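Structural overview for review
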Amino acid sequence: MTTSDPFLQLPGFAPLSRLYLKVEGLNVAGSIKLKTAKALVASAEWAHGPLAGRHLVESSSGNLGVALASICASRGYPFTCVADPNSNEGALATIRAFGGFVDIVTERDANGGYLGTRLARISSILDTDPSSLWLNQYANPANPRVHEELTAREICDRFSRLDYLFVGVGTGGTMMGCARGLRRKFPRVRIVAVDAAGSVTFGGPPATRRIPGLGASRKPENVDPSVPDDIIHVPEWSAISECRRLARATGLLAGGSTGSVLAALRQYAPRLSGSEVVIAISPDGGQPYLKSVYDDDWVTRHSLWTAAGPPVESLAGPPVESLAGDQGAGEQLEGGVR
């Protein structure tokens, strides 16, 4: 796999033989959110003119905050990221390194998450700082539009056939944009939305979540629940297990959202014949998760070893089962790929 060719063919998800992971964590900001950040800032510049003297504000658990901080640093815009205790420490440190300010809320909202509290803090900032401008990734149409124009197009340019797309849902921008863009070329493609157990995005019961990225304690305005063909809720222990398995089998360090997407794939794969062309989106790399998903002490502290399922293997223990088996884990682009 190279940075110019971010589609990694994954074995080990029987019966699938044409499963490709679209790796989005190789850009300078480390996640797919760089696309979103560029679109949000461009939208603000188009709507408000030059933003010199404006204070940009956004709610983020890490990845979008990093991308926005990078862009704002290059353009001289003050930036505040409103985050919470679940946010990645490494991502918050990166935001600060770019000159951004991190405002952490600590009180949970009515659904047990932090999104409602983060948005309330943004409202307070807007009320007290006349120069502030909220980019609003949750409702801004620039969010899904950039993934319709870029992420979906990147897939369409490489593949001549596509049967399934597995995509994680946070704000809904990636899922909504990809669905629109892909269905123009592949009208029969099935969109499988992957959400975190405990998220209320698709009407599920709220519960405490520890891994940032997927899910929400408040339904994002950009999400239309009728768009995906299937919705799978993934428990966090399963996402952790898949992250660790992927790292040991392929050498790819992926973030928690990727683990959730792969866990959904493992659950869904037995329903398929094996001939389908399937793409799963990996939104970010795993470096910011070294002190959470890949940290045995963190997993133990949050009781995620055996929560709702089989134990997640310790990194100090025997190797996890390889994804590759006897096939090997290579970057073979075939079976409908241009």
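Residues numbered from 1 in each chain as written. Predicted model: local features only at pLDDT ≥ 70, side-chain atom pairs only at ≥ 80, totals over all residues. Heavy atoms only, no water.

Some words on the sheet that holds strand β8 (residues 190-196)
We count it as follows: For two strands to pair, DSSP has to find at least two bridges joining them. Only DSSP runs of H or I with at least four residues qualify as helices, and only runs of E with at least two residues qualify as strands; both kinds are numbered from the N terminus onward. The angle between two axes is taken between their N-to-C directions and runs from 0 to 180 degrees, where each axis is a line fitted to C-alpha atoms and a helix contributes only its stretch in contact.
If you trace the six strands from one edge of the open sheet to the other, you get β1-β2-β10-β7-β8-β9, paired in mixed fashion. Edge positions in the open sheet fall to β1 (7-9) and β9 (230-234), since each of these has one partner strand only. Adjacent strand axes in the sheet meet at a mean angle of 25 degrees when their direction is disregarded. Taken together, the five bridges between strand β7 (residues 164-168) and β8 define a ladder with parallel strand orientation. Counted as the bridge partner of Tyr164 is Arg190 from β8.

Section: the side chain of Ser87
Worth spelling out the cut-off: Here, residues are in contact when the closest pair of their heavy atoms is within 4.5 Å.
Mapped onto the fold, Ser87 is located in the loop between β4 (79-83) and α3 (89-97). Residues in contact with Ser87, not counting those within four places in the same chain, are Ser60, Ser61 and Leu92.

Here's the deal with the confidence of the model for the protein
Rules: Each residue carries a pLDDT score, the predictor's own confidence in it, on a scale running from 0 to 100.
In this model, the protein carries a mean pLDDT of 88, and residues with pLDDT of at least 70 account for 89%. Predicted confidence for residues 307-311 stays below pLDDT 50, and this span has seven contacts to residues more than four positions away or in other chains. In this model residues 324-338 is a low-confidence stretch, pLDDT under 50, and it forms 42 contacts with partners more than four residues away in sequence or in other chains.

Section: the packing of aromatic side chains
Where two aromatic rings form a pair, the distance of their centres and the angle of their planes describe that pair. This is how it is decided: Between 30 and 60 degrees the pair is tilted, below 30 it is stacked and above 60 it is edge-to-face, where a pair is any two Phe, Tyr or Trp rings, Trp via its six-membered ring, whose centres lie within 6.5 Å. Classification of residues uses two cut-offs on accessible area relative to the type maximum, computed with a 1.4 Å probe and protein chains only: under 20% is buried, over 50% is exposed, and between them is partly exposed. In this scheme, Lys NZ or Arg CZ marks a charge over a ring once it lies within 6 Å of the ring centre and within 35 degrees of the ring normal.
In total, this model carries five aromatic pairs according to the counting rule given. When the ring of Phe7 is compared with that of Phe159, the centres are 5.2 Å apart and the planes differ by 65 degrees; the resulting orientation is edge-to-face. Of this pair, Phe7 sits in strand β1 while Phe159 sits in the loop between α5 (142-158) and β7, placing them 152 residues apart in sequence. You'll find Phe7 and Phe159 in the same group, each marked buried. Taken together, Phe7, Tyr20 and Phe159 form an aromatic cluster joined through their ring pairs. Across from the ring centre of Phe13, 4.2 Å away, lies the NZ or CZ of Arg266, which sits over that ring.

Overview of the pairing of strand β10 (residues 277-282)
The element β10 is extensively covered by neighbouring structure, given that six of its six residues are classed as buried. The alternating pattern of β10 places Val277, Ile279 and Ile281 on one face and Val278, Ala280 and Ser282 on the opposite face, and all of these are buried. Across six bridges, strand β2 (residues 18-23) lies against β10 in parallel orientation. Within β10, the residue paired with Tyr20 across the bridge is Ile279. Pairing between β7 and β10: three bridges, direction parallel. Looking at β10, one finds that Leu165 is bridged to Ile279.

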